[in-house]
2 protein chains.
Amino acid sequence: MSNSTPATIEDVARIANVSIATVSRAIHMPEKVANSTRLKVNQAIAVTGYTTNAMARSLRLGRSNMILVVAPDIGDPNFSNILIGLENEARSHGYGILIGHTQNDAQRGLEYLKFLNSNQAAGLILFTGILPFGHQTMTARLPPSVGVFEPVFNGGIPYVGVDDIAGARKAVDLLIAEGHRKIAFIGDSRTRLAYSRRRMGYEAGMDAADIGADLRIVFEGDGTIESGRLAVEQLFMRDTLPTAFMCVNDQTAIGVMIGLKARGYDIPGDFSVTGFDDVPQAVFMTPSLTTIRQPRTAIGKHAMALLLELLSDGQPTETEILLLPDLVVRNSVSAPSRIRR
Amino acid sequence: MSNSTPATIEDVARIANVSIATVSRAIHMPEKVANSTRLKVNQAIAVTGYTTNAMARSLRLGRSNMILVVAPDIGDPNFSNILIGLENEARSHGYGILIGHTQNDAQRGLEYLKFLNSNQAAGLILFTGILPFGHQTMTARLPPSVGVFEPVFNGGIPYVGVDDIAGARKAVDLLIAEGHRKIAFIGDSRTRLAYSRRRMGYEAGMDAADIGADLRIVFEGDGTIESGRLAVEQLFMRDTLPTAFMCVNDQTAIGVMIGLKARGYDIPGDFSVTGFDDVPQAVFMTPSLTTIRQPRTAIGKHAMALLLELLSDGQPTETEILLLPDLVVRNSVSAPSRIRR
DNA sequence: ACGTTATATGTAAAGGTTTACATAGCATGG
DNA sequence: CCATGCTATGTAAACCTTTACATATAACGT
């Protein structure tokens, strides 16, 4: 029966011939109410099509059932896949997820802060490393929060990400196993902590193989396609050429491939290339890119699970969850050609 | 001053030495309150850091400030870009956006329906053509809604999408202008209305050039990469080969390119290929794919604007907004080679 | 100077829940 | 058979707003 106005708890109570308190209990603490009455209530609920008014409930409870997810850029392909994990986990626990993006705009950050202050979200998921609320943060009351991908700089917030060191290690180990010795690292240790960890993985791998990083072929870019292309240009001007390019992320790897192809080289015939992240287009490159895959959906799931734990317990059981990323072998790596000087 | 508990309208009233009604008015109907008191109130708000409790407000108003966005798959790259448009427009009007995905699962659809019933969303944005609520829909009270991409089958809901006919026409016109006459259409008119419209655009273009569609080279797939590859296999078994493949979407085009390359053909030297959508990887294909670009952010913006209009006016001014997509010329199209039989 | 109207503010109810506290019934143990 | 405690239910307050209605004050016309 769909009347014009939604059924309230009072309608249910009247039909079931009990008080509204009993209805509420029958719904939220079923063990506290007698079998017979629980039955009556359930029937009344079915008849009326009652759904508890979330706003009234949230108001009374002083806490909403929404989780705010803030990312610098929701167009980022990384983002949407993590979203799936987040959403599934949240929904199955009765939470909805709200999304926002800051575009690195302070004004927007402020808006979200107001939003949080008005109690619209019970928890907060933050992407990529910064609280987008500027210096306001100090005075702000943030709800339970967890970071995704990277630790959050200006707040002691637990996070879930990927073990960048171990991931990078897998890439460098593969290259070494293929026989490479002169392995360039095209990196970006400035903008993101995750990236500097990848460099640590690279160095650890080189050390473990008793090669050691040759600083002449470690290049610092900014993680963009262009920076990868630029790295190739620069390295070709120096005397020491690598046989393989291990890149801090797929974007950089794509740039490197473009640069190499522009000079007429064959990949992996002349040079091997690896990336990190496994962005969607990695598989469509020619050759397809060997890279380290971010377990995106799993990250989302774990992040939300951690947040929900925070919401109920108050205390985080762990302050950092690092997932182990997989190596995905495609066609951009082979043994070094012998005709390299 | 950040106390443990957020300031309420009462705190503000006390400090400004007015009643709570006046505070409320000062915020929402400033012209109704004297300049001097408005000033006092604003100061008190600044002092307390007051933000109106959205849940209480929504409860009183009987309507939330959230828009629910439901998509079959939020991992879809189309989705995230539209999200940007949606979010910007919503946020700038004081609305937040909630996202959900159904994965074509009826159970999930039901959950969202309950969600809507509990008044958590003032409006609904639906992706791709179906109300995910099954037969429940008839009895359901849906909030104001708008569809994105395609009309919503089982409900008279306005939508904003792209002019698929005009878009397809641009692709076919380009091919014809390059000199192609035997243009295959690799389509999928079953799953989505948008796709069948693209075929209409194709046929209109062929007719306009007095060529007419040759049904022997019109192939019905299902819009996947695999279906594109399959189309190539099938066409090569027939007697009439096209010189160009116009594909219903980029996925299909990618499949066609894979199939063509597997047979050793050069694109666009031997065959030209066009897509539709301009998915992110289109630019990374070799050759990069000439296609029709969905104005994604604009679609999101228009959809949200239309919904907000519905929310205030009640009546939609238009039942269908069709945006004109652009042709983006890349490297998968050239004049037909003369050595084609 | 007085009645009328406009303007500014206050009072209190209502919106739908949850839950502390009160109450009633009933079983248990001595 | 009574005191005690437990179980099931009800009553009413509280959560924070918005707004219809009431009231007070000022302005105005005659």
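Up top is the structure.
Residues numbered from 1 in each chain as written. Chains lettered and ligands numbered in written order. Predicted model: local features only at pLDDT ≥ 70, side-chain atom pairs only at ≥ 80, totals over all residues. Heavy atoms only, no water.

Participant: Mind showing me how you'd approach helix H10 (residues 250-262) of chain A here?
Facilitator: Helical geometry: 3.6 residues make up each α-helical turn, so side chains three or four residues apart lie on a common side. Residue and element names in this part refer to chain A. Between its first and last C-alpha, H10 extends 18 Å over 13 residues, near the 18 Å set by a 1.5 Å rise per residue. For H10, the complete set of buried residues consists of Asp250, Thr252, Ala253, Ile254, Gly255, Val256, Met257, Gly259 and Leu260. For H10, the secondary structure elements touched by its buried residues are strand E6 (183-187), helix H9 (225-237), strand E8 (244-247), strand E9 (272-274) and strand E10 (291-293). After H10 finishes, the residue Gly264 shows a positive phi value of roughly 85°. (Helix = DSSP H or I, 4+ residues; strand = E, 2+ residues; numbered from the N terminus. Expected span 1.5 Å × (residues − 1). Buried < 20%, exposed > 50% of the residue type's maximum accessible area, 1.4 Å probe, protein only. Contact = heavy atoms within 4.5 Å.)

Participant: Mind showing me how you'd approach the relation of the copies chain A and chain B here?
Facilitator: In summary, the two copies of the chain are related to each other by a rotation about an axis coupled with a shift along it. It takes a turn of 180° to lay chain A on chain B, together with a shift of 0.0 Å along the axis; the resulting RMSD is 0.1 Å. Considering both components of the superposition, the chain copies are consistent with a two-fold axis. The C-alpha atom lying nearest the rotation axis in chain A is that of A:Leu98; the distance is 2.1 Å. Looking at the interface residues of chain A, 100% of them are also at the interface in chain B, so both copies use one shared face. (Least-squares fit on C-alpha atoms with pLDDT ≥ 70 in both.)

Participant: Whenever I open this one, unusual backbone geometry confuses me. Can you help?
Facilitator: The phi angle of most residues is negative, glycine excepted, and most peptide bonds adopt the trans form. In this model, A:Thr286 is joined to A:Pro287 through a cis peptide bond whose omega is -5°. Considering the arrangement of structural elements, one finds A:Pro287 in the loop between E9 and E10. Geometrically, the link from B:Ile267 to B:Pro268 is a cis peptide bond, its omega value of 5° lying close to zero. Mapped onto the secondary structure, B:Pro268 falls in the loop between helix H10 (250-262) and strand E9 (272-274). Unusually for a residue other than glycine, A:Asp278 sits at a positive phi of about 55°. With respect to the element layout, A:Asp278 can be found in the loop between E9 and E10. With a relative accessible area of 7%, A:Asp278 lands in the buried category. Despite not being glycine, B:Asp210 shows a phi value in the positive range, around 60°. In this structure, B:Asp210 sits in the loop between helix H8 (193-208) and strand E7 (218-220). The exposure class of B:Asp210 is exposed, given its relative accessible area of 74%.

Participant: Explanation requested: the pattern of salt bridges in the structure shown.
Facilitator: Here the idea is simple: oppositely charged side chains can pair when their charged atoms come close. Under the definition given, this model contains 32 salt bridges over all chains. The closest approach of N and O atoms between A:Arg192 and A:Glu150, which form a salt bridge, is 2.4 Å. Here A:Arg192, found in the loop between E6 and helix H8 (193-208), pairs with A:Glu150, found in the loop between strand E4 (145-148) and strand E5 (159-162); they are 42 residues apart in sequence, far enough to count as distant. Between A:Arg293 and A:Asp278 there is a salt bridge whose closest N-O contact spans 2.9 Å. You can see A:Arg293 sitting in strand E10 and its partner A:Asp278 sitting in the loop between E9 and E10, a full 15 residues away along the chain. Classification of A:Arg293 by relative accessible area gives partly exposed; the value is 39%. Three or more residues are tied together by salt bridges with common partners; here these are A:Glu87, A:Arg91 and B:Arg108. (Salt bridge = Lys/Arg side-chain N within 4 Å of Asp/Glu carboxyl O.)

Participant: Help me understand the protein's contact with DNA strand D in this model?
Facilitator: The environment of DNA strand D is made up of 25 residues, and the closest members are A:Thr22, B:Ile9, B:Ser24, B:Arg57 and B:Arg60. Within the side chain of A:Arg25, an N or O atom sits 2.8 Å from a base nitrogen of DNA strand D. At a separation of 2.8 Å, a phosphate oxygen of DNA strand D approaches a polar side-chain atom of B:Tyr50. Those elements that provide at least two residues to the surface near DNA strand D are helix H2 (20-28) and helix H4 (54-61) of chain A together with helix H2 (20-28) and helix H4 (54-61) of chain B. If one sorts the elements of the surface near DNA strand D by residue count, H2(B) sits on top with five residues. Residue classes in the surface near DNA strand D are distributed as eleven nonpolar, nine polar and five charged. (Near = heavy atom within 4 Å. Polar contact = N/O pair within 3.5 Å; in protein donor to acceptor, adjacent residues only side chain to side chain. Nonpolar A, V, L, I, M, F, W, Y, C, P; charged D, E, K, R; others polar.)

Participant: Where do I start with the sheet that holds E7(B) in this structure?
Facilitator: What links the strands of a sheet is backbone hydrogen bonding, and the strands pair in either a parallel or an antiparallel sense. All names here are of chain B. If you trace the four strands from one edge of the open sheet to the other, you get E7-E6-E8-E9, paired in parallel fashion. Each having just a single partner strand, E7 and E9 make up the two edges of the open sheet. Mean inter-strand twist for the sheet, computed between neighbouring axes without regard to direction, equals 15°. When strand E8 (residues 244-247) meets E9, the two strands line up parallel, connected through three bridges. Bridge pairing in E9 links Phe245 to Val273. Against the sheet, helix H9 (residues 225-237) engages strand E6 (183-187), E7 and E8, with an angle of about 135° to E7. (Pairing = 2+ DSSP bridges. Axes fitted to C-alpha atoms, helices over the stretch in contact; angles between N-to-C directions.)

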